[in-house]
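# Residue-level structural notes
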Amino acid sequence: MPRPRVHLTEAVILRQRDYAEADRLLTLLTPAGKVVVLARGVRRPTSRKSGHLGLFCRSRLMLATGSNMDLVTQAEVIEAHEALGRDLLRYAYASYVAELVDLLVPEGEGSPQLFELVSGALAWFATASDLRLEARRVELALLNDAGYMPSLYKCVVCGNELVPERNVFDVAQGGLVCASCSATLTHGVPLSLGAQKVLRYLGTRSPDQVALLRIRDSTHQELERVMQAYLQYTLERQLKSTEFLKALRANLLLHEGASLHDDAEDQAQV
Ligand SMILES: [Zn+2]
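These figures come from a predicted structure and were not determined experimentally.

## With respect to the overall build of the chain
A count of helical and extended segments in the chain gives nine helices and eight strands. Over its C-alpha atoms the chain spans a radius of gyration of 21 Å, differing by no more than 12% from the 18 Å that the globule rule assigns to 270 residues. Taking all 270 residues of the chain together, 33% fall into the buried category. At a minimum sequence separation of 6, the contacts of the chain that also span at least 24 residues come to 59%.

Rendered as structure tokens:
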């Protein structure tokens, strides 16, 4: 059946690139999938659409079929997530997730579930208090959606149920390796029992439940290290926004003159 010439869709704006004199190419995630569209004239100060097509906005768009790509003919913002524009750290996390989605999801692919996941994640980054934990939850959810969920309950080598002890995460095999199989392993990221529990918790709980979790800084660091290693391996590249995020966090700490507090007890109820 031929596609209608004009169609209405909701979309999250993942990426913007200047195009020609006053246009912009927008990478969108819609319930039907990822798509690149052209927004004509939005860089002109008089554009009525530009305020509805901001980065990370959830908007309702009218798209017209163009010769090479669809054109945005109307736009109405639903959620602008203003907090992301006001807070550089929140903005950096939102950029990171947008880049991750752009790399993990090929053009034309996606689903209503993925759209809600990403749209919801951007809303959480505008309000969440523990941005690092939310980032780990979203990473796992996106990996799960893309078919790369790491094995967290069974050894990826022998398939045996993992016992509660320090295990090794092997990025190449895509999950945890038991003590006997990891004895001959020359690579991998050792993970404390606490970090393993938090990963399992993040992989199975809702954003509201994750928001209640409090973990110590050393666990945060372990989780960040392992997820970055796994993502880098899976995507076969380093994400551009990761370095910016790290530099920004280091800079913020420096200016606050504060060190990250390391809770005496791991309060994770996992
Ligand atoms: Zn094993």
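## Concerning the environment of Ala250
Position of Ala250 relative to the elements: it lies in helix α9 (residues 240–256). Take Ala250: there are 10 C-beta atoms within 10 Å of it, and that puts it in the exposed class. Ala250 sits 94 residues away from Val156 along the chain, and the two C-alpha atoms are 35 Å apart.

## Thoughts on the environment of Arg237
Secondary-structure assignment places Arg237 in the loop between α8 (217–235) and α9. Once the C-alpha coordinates of Arg237 and Leu103 are considered, the two residues, 134 residues apart in sequence, prove to be 9.6 Å apart.

## Side note on the nonpolar core
With 64 residues, the main nonpolar core has Val12, Ile13, Ala94, Val97, Val101, Leu122 and Phe125 as its most contacted residues. The residue makeup of this core includes at least three contributed by each of domain 1 (6–82) and domain 2 (128–256). Setting aside residues no more than four positions away along its own chain, Ile13 makes contact with Leu26, Leu28, Leu53, Gly54, Leu55, Phe56, Cys57 and Ser59.

## Looking at the domain arrangement of the chain
Buried accessible area, meaning the area lost when the parts come together, often serves as the stated size of an interface. Partitioning the chain into domains gives domain 1 (6–82) and domain 2 (128–256). Using C-alpha coordinates to define each centre, domain 1 is positioned 34 Å away from domain 2.

## With respect to the sheet that holds strand β8 (residues 189–191)
Spatially, the three strands line up as an open sheet ordered β7-β6-β8, and their pairing is antiparallel. Of all the strands in the sheet, just β7 (175–177) and β8 have a single pairing partner and so form its edges. In this sheet, adjacent strand axes meet at a mean angle of 40° when their direction is disregarded. The sheet contact formed by strand β6 (residues 167–170) and β8 spans three bridges and is antiparallel. Residue pairing in the sheet places Phe169 in a bridge with Val189 of β8.

## Focus on helix α2 (residues 88–104)
If you check α2, its first and last C-alpha atoms are 24 Å apart, about what 17 residues at 1.5 Å a residue would give, namely 24 Å. Counting buried residues in α2 gives twelve out of 17 residues, a clear majority hidden from the surface. For α2, the complete set of buried residues consists of Arg90, Tyr91, Ala92, Tyr93, Ala94, Ser95, Tyr96, Val97, Ala98, Leu100, Val101 and Leu104.

## Structural notes on the confidence of the model for the chain
Here the chain shows a mean pLDDT of 91. Residues at 70 or above account for 93%. Within the chain, α9 has the poorest average pLDDT of any element, 82, and strand β2 (residues 23–30) the best, 98. For the stretch residues 258–270, pLDDT sits under 50, and the model shows 22 contacts to residues farther than four places along the chain or on other chains.

## Things to note about the pairing of strand β5 (residues 71–79)
Pairing of strand β4 (residues 58–64) with β5 involves seven bridges; the strand directions are antiparallel. Across the sheet, the residue bridging to Leu61 is Ala75, located in β5. Between β4 and β5, which follow one another and run antiparallel, lie six residues.

## Remarks on the packing of α2 against helix α3 (residues 112–127)
For the pair α2 and α3, the least separation of the axes is 9 Å and the interaxial angle reads 165°. In this view, α2 runs roughly antiparallel relative to α3, as classed from their interaxial angle. Relative to α3, the crossing made by α2 is right-handed. In this structure, α2 uses Arg90, Tyr93, Ala94, Val97 and Val101 to contact α3, whose residues at the interface are Val118, Ala121, Leu122, Phe125 and Ala126. A class-by-class count of the residues in the contact of α2 with α3 yields nine nonpolar, no polar and one charged.

## Some words on helix α6 (residues 193–204)
Side chains three or four residues apart in an α-helix point the same way, a direct result of the helix having 3.6 residues per turn. Compared with the 16 Å implied by 1.5 Å per residue over twelve residues, the 17 Å span of α6 between its first and last C-alpha is a close match. By the burial criterion, the buried members of α6 are Ala195, Gln196, Val198, Leu199 and Leu202. In a view along the axis of α6, the buried residues occupy a sector of 165°, so they form one face of it. The secondary structure elements touched by the buried residues of α6 are α4 (131–146), β6, β7, β8, α7 (207–211) and α8.

About the cut-offs
Residues numbered from 1 in each chain as written. Predicted model: local features only at pLDDT ≥ 70, side-chain atom pairs only at ≥ 80, totals over all residues. Helix = DSSP H or I, 4+ residues; strand = E, 2+ residues; numbered from the N terminus. Rg over C-alpha atoms; globule rule 2.2 N^0.38 Å. Buried ≥ 20, exposed ≤ 12 C-beta atoms within 10 Å, placed from the backbone. Contact = placed C-beta atoms within 7 Å. Core = buried A, V, L, I, M, F, W, Y, C linked by C-beta atoms within 7 Å. Domains from an automatic or database assignment. Pairing = 2+ DSSP bridges. Axes fitted to C-alpha atoms, helices over the stretch in contact; angles between N-to-C directions. Expected span 1.5 Å × (residues − 1). pLDDT = per-residue confidence, 0-100. Parallel < 35°, antiparallel > 145°, perpendicular 65-115°, else oblique. Left-handed = near helix turned anticlockwise from the far one by under 90°. Nonpolar A, V, L, I, M, F, W, Y, C, P; charged D, E, K, R; others polar. Arc of directions from axis to C-beta.

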